[in-house]
Amino acid sequence: MDVFTELFGNLLAFVYHCFDRIVIHGYLSALSRPEQVVHFVRKIVGVPVVSKEILSQRTADYQNWVEAYARNHHTPIEWAEKGVRKEDHVRPWLRRMANKNAYGVYFIFKSMEQGPSFRISVPKYPTQDPHHRILARQRSRYTHYYFYIRDEVLGPMVMRVASFFPFQTTYYLNGHSFIEQELTRAQVGFRKNDNAFLAIDDVAALQAAADRLSPDIIRKRLDYWTLILGPKFSAKERKQLNLSRFYAISQIEYCRNFVFKRNFPIHKLFERSCELGLWRLTADKIASIFGTRLNRRMRGKLATVIDQIEHGHHVFRAYFKHAFLKQYEKFSTFLRNELCSNNLTDFGLRKGLDHLDEVRRTFQTITSRFAGYQAQWLNVHVDFPLLQRIALPITVGSVRYPGIKIHDVRVIRLFEVLLHGGPHVGGWTAKQIHRAVLTTFHLSERAYGLNQLRYDLRKLKGHGLIERDGSRYAYRLTTKGVQVALLFLFFHKRLCGPIANSCFHHRPDPHHRPNSQLEAAYHRADKAIQKIVDVLAAA
């Protein structure tokens with residue numbers, strides 16, 4: 001059980017983790033290199049010269065076969081239209097097949113796309129073999145076929161087949177579809193919407209079904225559909241070539257799902273998680289979550305953003321190299337942490353399908369760390385004894401440091417700047433902090449000088465809230481400092497900020513106050529908050 005589940009266990013209905021989306025490339029092991037294609041055409045097919053016409057003939061044969069297959073099985077086949085989402089277009093055919101409890105291909109899309117191919121050229125200078133041709137890899141535009149399949153084991157899946165040598169195939173799988181098939185066979189009751197389980201009779205059975213998705217199961221089903229729908233080779237060609245396919249993971253998404261009993265806490269948790277993520281998911285924290293250390297040779301992105309591209313609502317993303325962690329709320333009771341990767345070498349993992357279990361373990365650890373960090377940040381409460389202790393002077397050795405008051409504007413500004421220290425992994429120097437404070441709050445050097453900043457830094461260091469980076473005069477928040485900084489900022493932004501935000505702005509002129517009940521109530525609350533601040537200051 002992770003820290004997030006322990007913290008919000010009374011609000012959660014159940015938690016499960018699984019593969020969400022898996023994209024797999026299939027390569028023909030005997031026809032992936034130019035010299036293998038030359039051997040196939042000249043030695044097996046028996047054509048002395050490798051030409052574009054010979055390779056194009058194979059393409060035409062396969063395209064004619066696909067058209068005949070669609071006609072014989074009464075399967076719709078159409079060109080994909082620009083701007084039309086394929087999954088939405090084919091959903092009625094999938095629904096009809098599910099109602100009939102049938103399995104097989106229910107739709108075929110044709111699409112002109114870029115894909116791997118071979119370029120054939122005549123040698124510049126004469127060779128001993130007059131039939132010698134130079135083959136080189138290239139990418140060109142040609143027809144691809146999307147077969148939409150309802151599989152009895154993997155559920156709905158998509159198989160894309162390139163119609164030109166080397167006939168690369170791509171398979172799009174969804175782990176939730178596999179789980180649905182497993183639970184249906186086991187007669188376990190559940191409620192599923194899109195790619196999310198919202199209710200389940202047996203949570204243990206749900207997680208067990210997710211863990212059963214293995215490389216052997218996937219390979220068996222991919223081999224079957226490749227044999228049925230892939231390019232055709234004669235028995236003689238298959239025997240001499242020993243044709244087989246190698247499967248490599250191209251893209252993978254692993255999710256950790258928190259399903260809540262009620263919808264009222266989820267939006268607030270997500271809102272606070274986004275706010276804290278932008279503050280606290282600095283470069284070093286992102287690297288720590290992904291299990292690596294920062295160095296100057298690291299390539300790719302290290303950033304956090306909030307966008308509204310997917311799912312029609314806000315999505316929080318933390319980028320790491322070519323991967324990213326994202327969090328979003330779904331169906332008002334569903335909070336999902338999802339790790340997406342387009343290049344498994346970022347994690348030191350191999351792409352072969354046989355290494356899927358290793359990918360699962362690594363991604364489980366990363367999503368667990370992410371949930372643990374979020375739980376740590378969310379588990380911050382107004383600790384008045386702590387505020388009272390920090391407000392008192394402290395003596396360290398022979399040095400006496402003054403207390404830190406919660407209404408100290410300079411300290412609040414300093415905490416807010418230090419919490420945004422993403423680019424400064426090795427700590428901030430005093431001059432860097434000073435410049436950041438002046439820039440952030442539009443202050444002049446007269447209003448807040450460098451010596452005043454150094455006085456505040458000594459005070460924070462004396463209370464153990466900041467530390468130096470080794471022997472350098474560079475500072476960063478300690479673990480205690482992070483908690484105190486969040487506590488101070490929560491108090492001001494969540495409580496004092498919306499009502500008594502005059503800590504950073506001027507008070508409104510009472511002569512221009514409108515005569516309304518709302519405005520009067522606002523100022524009564526403002527005075528009450530000021531009394532709280534005065535009591536804390538006197539403590």
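Residues numbered from 1 in each chain as written. Predicted model: local features only at pLDDT ≥ 70, side-chain atom pairs only at ≥ 80, totals over all residues. Heavy atoms only, no water.

Draft legend 1. Expanded view of the overall build of the chain. Helix and strand counts for the chain come out as 17 helices and 18 strands. Across the chain, every contact between residues at least 6 apart in sequence was considered, and the portion connecting residues at least 24 apart equals 67%. (Helix = DSSP H or I, 4+ residues; strand = E, 2+ residues; numbered from the N terminus. Contact = heavy atoms within 4.5 Å.)

Draft legend 2. Structural context of the sheet that holds strand E17 (residues 466-468). Spatially, E16-E18-E17 is the arrangement adopted by the three strands of the open sheet, whose pairing is antiparallel. In the strand order of this sheet, the two ends are held by strand E16 (428-429) and E17, each with one partner. By the bridge criterion, two bridges tie E16 to strand E18 (residues 474-477) in an arrangement that is antiparallel. Residue pairing for E18: Trp428 is matched across the bridge by Tyr475. The sheet contacts of helix H15 (residues 450-462) involve E17 and E18, and relative to E17 the element is tilted by about 100°. (Pairing = 2+ DSSP bridges. Axes fitted to C-alpha atoms, helices over the stretch in contact; angles between N-to-C directions.)

Draft legend 3. Examining unusual backbone geometry more closely. Here the amide bond leading from Phe165 into Pro166 is cis, since omega sits at 10°, within 30 degrees of zero. Position of Pro166 relative to the elements: it lies in the loop between strand E5 (155-162) and strand E6 (169-174). For Gln187, which is not a glycine, the phi torsion comes out positive at approximately 60°. Relative to the helices and strands, Gln187 resides in the loop between helix H5 (175-185) and strand E7 (190-193). Residue class for Gln187 comes out exposed when judged on its relative accessible area of 73%. We note that His442 has phi near 55°; this positive angle belongs to a residue other than glycine. Here His442 shows up in the loop between helix H14 (430-441) and H15. (Buried < 20%, exposed > 50% of the residue type's maximum accessible area, 1.4 Å probe, protein only.)

Draft legend 4. Layout of the pattern of salt bridges. This model, assessed by the stated rule, comprises 22 salt bridges. For Arg85, the salt bridge identified is with Asp88, shortest N-O distance 3.2 Å. For Asp88, a relative accessible area of 38% corresponds to the partly exposed category. Residues Lys192 and Glu180 are paired through a salt bridge, measuring 3.4 Å at the closest nitrogen-oxygen approach. With Lys192 in strand E7 and Glu180 in helix H5, the pair connects residues that are twelve residues apart, well separated along the chain. You can call Lys192 partly exposed: its relative accessible area is 26%. Connected through salt bridges with shared partners, the residues Asp20, Lys326, Arg336 and Glu338 form a single ionic network. (Salt bridge = Lys/Arg side-chain N within 4 Å of Asp/Glu carboxyl O.)

Draft legend 5. Broad picture of the pairing of strand E13 (residues 334-341). Among the eight residues of E13, eight are classified as buried, and the element is accordingly described as predominantly covered. What you see with E13 is no split at all: Phe334, Arg336, Glu338 and Cys340 on one side and Leu335, Asn337, Leu339 and Ser341 on the other are buried throughout. Counted between consecutive antiparallel strands, the loop separating strand E12 (residues 323-330) from E13 contains three residues, among which Phe331 sits at a positive phi close to 55°.

Draft legend 6. Spotlight on the environment of Arg299. Mapped onto the secondary structure, Arg299 falls in the loop between helix H10 (283-289) and strand E10 (301-307). Given a relative accessible area of 59%, Arg299 falls into the exposed group. Spatially, the C-alpha atoms of Arg299 and Phe320 are 9.1 Å apart, while their sequence positions differ by 21 residues.

Draft legend 7. Looking closely at the environment of Tyr172. As for its position among the elements, Tyr172 is in strand E6. Between the alpha carbons of Tyr172 and Met159 there is a distance of 6.4 Å; along the sequence they are 13 residues apart. The residues contacting Tyr172, other than those within four sequence positions of it, are Arg21, Ile22, Val23, Tyr146, Met157, Val158 and Arg160.

Draft legend 8. A look at the packing of aromatic side chains. Tallied over the entire structure, the rule returns 25 aromatic pairs. Taken together, a centroid distance of 5.3 Å and an interplanar angle of 25° make the contact between Trp65 and Tyr69 stacked. Of the two residues, Trp65 and Tyr69 are both situated in helix H3 (residues 52-72); the distance of four residues between them amounts to about one turn of the helix. Of the residues examined, Trp65 reaches a relative accessible area of 25% and is grouped as partly exposed. (Phe/Tyr/Trp six-rings, centres within 6.5 Å; stacked < 30°, edge-to-face > 60°.)

Draft legend 9. Expanded view of the sheet that holds strand E11 (residues 315-321). Read from one edge to the other, the open sheet built from eleven strands follows the order E2-E3-E4-E5-E6-E1-E9-E13-E12-E11-E10, with strand pairing classed as mixed. What marks the edges here is a single partner per strand, and that holds for strand E2 (77-79) and E10. Adjacent strand axes in the sheet meet at a mean angle of 20°, parallel and antiparallel pairs treated alike. Here strand E4 (residues 134-151) runs beside E5; their pairing, made up of eight bridges, is antiparallel. Paired with Ile149 across the bridge in E5 is Met157. The strands touched by H5 are strand E1 (12-28), E4, E5, E6, strand E9 (245-260) and E13; relative to E1, the strand with the most contacts, the crossing angle is about 115°.

Draft legend 10. Main features of the packing of helix H13 (residues 409-419) against H15. Their axes nearest at 11 Å, the elements H13 and H15 cross at an angle of 80°. Relative to H15, the element H13 is oriented roughly perpendicular. When H13 is examined against H15, the residues Arg410, Val411, Leu414 and Phe415 are found in contact with a partner set consisting of Gln452, Leu453, Tyr455, Asp456, Leu457, Lys459 and Leu460. Tallied by class, residues from the contact of H13 with H15 come to seven nonpolar, one polar and three charged. (Parallel < 35°, antiparallel > 145°, perpendicular 65-115°, else oblique. Nonpolar A, V, L, I, M, F, W, Y, C, P; charged D, E, K, R; others polar.)

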